[in-house]
Amino acid sequence: MYKSISLFLLVACVACDSTAGDTLQHRKPITVLPDSNNAGLKLPNGFSALKVAENMGRARHIAVNQQGDIYVKLERKLNGNGIMYLRDLNKDGRTEEVNGFGNYTGTGIAIHKGYLYASSDEEVFRYKLNDKGEVENREAPEKIITGLINRRQHASKSITLDNNGNIYVNIGAFSNSCQEKDRQTGSMGMNPCPILDSAGGVWQFKANVLNQTYANGVRYATGLRNVVGLDWNTQTNKLFVTQHGRDQLNNLFPQYYDDKANAELPAETMYEINPGDNAGWPYAYFDNQQNKLILAPEYGGDGKKAPTTSFKVPDMAFPAHMAPNALLFYTGNQFPARYKNGAFIAFHGSWNRFPLPQEGFYVAFIPFENGKPTGKWEVFANGFSGVEVVNNLRAVAHRPCGLAQGPDGSLYVSDDNKGSIFRIMYQGNQ
Amino acid sequence: MKRNMIERIANCYSAFLLTGTLLLSFTAKGQTTTLEASMQRGKTIYVQRCVACHQPDGGGVPHMNPPLDGASAVKGKDKFRLIQVIVKGMTDRVEIDGEFYSNNMAPHADLTDQQVADVLTYIRNNWSNKAGAVTPAEVKAARAKLK
C-alpha cells in the first residue's frame, strides 16, 4: 500500500517535471518525507525539514542543480576534494551518492546559465554543466579570476552572478578595523586605510573571461568589511550584500565601550548596492541603538561622534556579531506567497558577545515589498545550535553557513561545523 | 527586558567564575599557595583580554580561534613559546593540533612579567589542563631573548 502510493507520487512528479511550467510548480506533489523531528529544527507552521546529508566537512556555500542534486564547497578538503557532489538516486530527498572533485578549498559556489562557479580563497573557476546538471570535466575547470588577496582573515571569496554576464566577488578585509596593529588595544586606524585598494569591498568581473586579475575587475562597492552573504536580486536587478560588522569594541577601546556595548554594537547590516557605493568600513560603523553611523574609535570616535564624511546607510540592521554568512532571495513557488522575493539570511552565530550569551545560529527571513526590505525580520529556522543558550562555541552543534533554493522551491541550508545539509519544505495549505 | 538581560549576564558570569572557584577550593585546603593567587589574578586578565576569542570554557571558536583547553602546546613544556605568543602575538598560518585558525592574535606586550605569568599559569591550570606554573622570572628571561 505504502509502496504504491510513493510509486504513484513518483510518476506524478515525473509527469509534472515534463510540463515544467513555473506556474504549475506549486501543485507538484512532494514525495520527500521530512524527518520525524524535522531534523531538530524549529520552523513556522506548515514547514518541515530533513537532513539530506551529514559529515560533509566544513560545508560552506551550496548550489542545487535542476535535478535537485547538490554541490557543496568545502573550506577544508574531505578525502582530498574541495567540492562534494551529492546525489539523491532514489528521490527520497536524502543523499545516496557522494562524489568529490576540485583540488582547492574555499567558500563560494553558484550555478548560473549552464555553469557551476566555485571559488578558492584566491581564485574563481567555472565548470560546464551537461543537461543532467553534472560537471563532465571535473579536473579541468576554466580559471576565470586569479590573484585575489588572501591574508587568512576574512579570506572567503563569496560569489553571485547577474543576468548581464557579470560575477560579483566578496573580497573581505584582512583586518578587524584597519588598525596599525590588528586587534591590538588602543592601536589607531591607518588613514587612508590601504586595505581598501585590494579588499574590503565587492569586485565585479566578467563571468566568461579567463584569467582576470584585479586589473580587469571593477571595484563595484567599497567600505564593506566582509560580506560573506551576497545575492543578485533578479526582481530589481540589484546586488544585495550582508556584512559582518567589526569585533571587540570593548577590548580595543575600553574607555568608550563596556562589555554590554560591545555585545550589542555594531549592527550586522544588509545593503542594496549601487555601483561606487561606500559603506564606511573602517572609518564608521552603524549603531542600531542610536540608529546612525558612528565614527570608529580607531579614527577618533568615542561611541557618539558621527563621521564627517557621508557613507552609505544600511537598508537593514540586525543585532551585532551574528555573522550573516549567506543571503538568498526566494523566487520559488513552494513556500506561501509572502516569502516570494523576500530574503533568507543564514546567521552563522556570534562569538564576540561575552558575557552575554552568543546569538544567531539560525536562518532569518526578511519580507520585501516592491524590491525593498520592509525593515522587519523574523527567525525562520532555529535550533541548529542544539542548545537553548550558547555561552561557549564549543557546545554548538550546527552553524548555518550556506543557502540554496532547490528546483521544487525547497530551501537548503549547509552547516560548516558538522557538515550537515538541511532541506526545508512547505507542506501546509497555501 | 532590561532586567532579563542583566540576569543573563550575571548567570553567564557566575557559570564562568564557578570553574575557577571550584579549582581554588581544591588548592585552598591547607596551603594558601602562590599558585592560587596567581590563578586568581590570571583569571581577571583572561576575562579582560582573552575570553572573547578563546571563550569562557577555553574551547575557542571553530576554525577561527584555537581552543586552549586540552591544547597540547598550552599543557606542554615549552613555556618560552607560550610567553612568545602572548608578548608577540600570533598570526602565522600553522596547524594547531590538526586544525588551522583564521584569526589574528594581537601581541599583549603591555602586560607586565607578573601578568603574563599569571594568565599563562591560569590557562595551564584551568578547565582540564594541569601543567606547571609560569613565573615572572621566566617571562623576564624569555622577553630578554625576544627583544
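No experiment lies behind these values; they were computed from the predicted model shown.

Novice: An account of unusual backbone geometry is requested, with residue identities and associated values reported.
Specialist: All names here are of chain A. Note that the residue after Asn191, namely Pro192, is joined by a cis bond; omega there is 0°. The residue Pro192 is located in the loop between strand E11 (166-171) and strand E12 (201-206) in this model. Backbone torsion omega between Leu265 and Pro266 reads -15°, so that peptide bond is classified as cis. Assignment of secondary structure puts Pro266 in the loop between helix H3 (259-264) and strand E16 (268-273). The backbone of Arg183 sits at a positive phi, close to 65°, despite the residue not being glycine. With respect to the helices, strands and loops of the structure, Arg183 is situated in the loop between E11 and E12. With phi around 60°, Phe361 is a residue other than glycine that occupies positive phi space. Relative to the elements of secondary structure, Phe361 occurs in the loop between strand E22 (343-347) and strand E23 (362-366).

Novice: Break down the sheet that holds strand E17 (residues 277-278) of chain A for me, with residues and values.
Specialist: All names here are of chain A. In space, the five strands of this open sheet follow the order E10-E11-E12-E13-E17, with mixed pairing throughout. The strands lining the two open edges of the sheet, one partner per strand, are strand E10 (159-161) and E17. Alignment of E12 against strand E13 (residues 218-222), held across four bridges, turns out to be antiparallel. When the sheet's bridge partners are listed, Val202 is paired in E13 with Ala221.

Novice: Outline the confidence of the model for chain B, listing residues and values.
Specialist: Residue and element names in this part refer to chain B. In this model, chain B carries an average pLDDT of 85, and 78% of its residues clear a pLDDT of 70 or more. By mean pLDDT, helix H1 (residues 2-28) is the weakest element of chain B at 49, and helix H5 (residues 113-125) is the strongest at 98. Across residues 17-31, confidence stays below pLDDT 50; counting only partners more than four residues off in sequence or on other chains, it has 17 contacts. Overall fold confidence (pTM) sits at 0.90, and the ipTM for the predicted complex is 0.84.

Novice: Residues and numbers for the nonpolar core, please.
Specialist: Ranked by internal contacts, the top residues of the largest apolar core, which has 33 residues, are Tyr117(A), Ile145(A), Ile167(A), Val169(A), Cys193(A) and Ile195(A). The leading source of residues in this core is E11(A), at three residues. With residues near it in sequence (within four places) discarded, Cys193(A) still touches Cys178(A), Trp281(A), Pro282(A), Tyr283(A) and Tyr299(A). In terms of nonpolar packing, the next biggest core, distinct from the first, is built from 25 residues, Phe354(A), Leu111(B), Val139(B) and Ala142(B) among them.

Quick notes on the rules
Residues numbered from 1 in each chain as written. Chains lettered and ligands numbered in written order. Predicted model: local features only at pLDDT ≥ 70, side-chain atom pairs only at ≥ 80, totals over all residues. Heavy atoms only, no water. Helix = DSSP H or I, 4+ residues; strand = E, 2+ residues; numbered from the N terminus. Pairing = 2+ DSSP bridges. pLDDT = per-residue confidence, 0-100. Contact = heavy atoms within 4.5 Å. Core = buried A, V, L, I, M, F, W, Y, C linked by side-chain atoms within 4.5 Å. Buried < 20%, exposed > 50% of the residue type's maximum accessible area, 1.4 Å probe, protein only.

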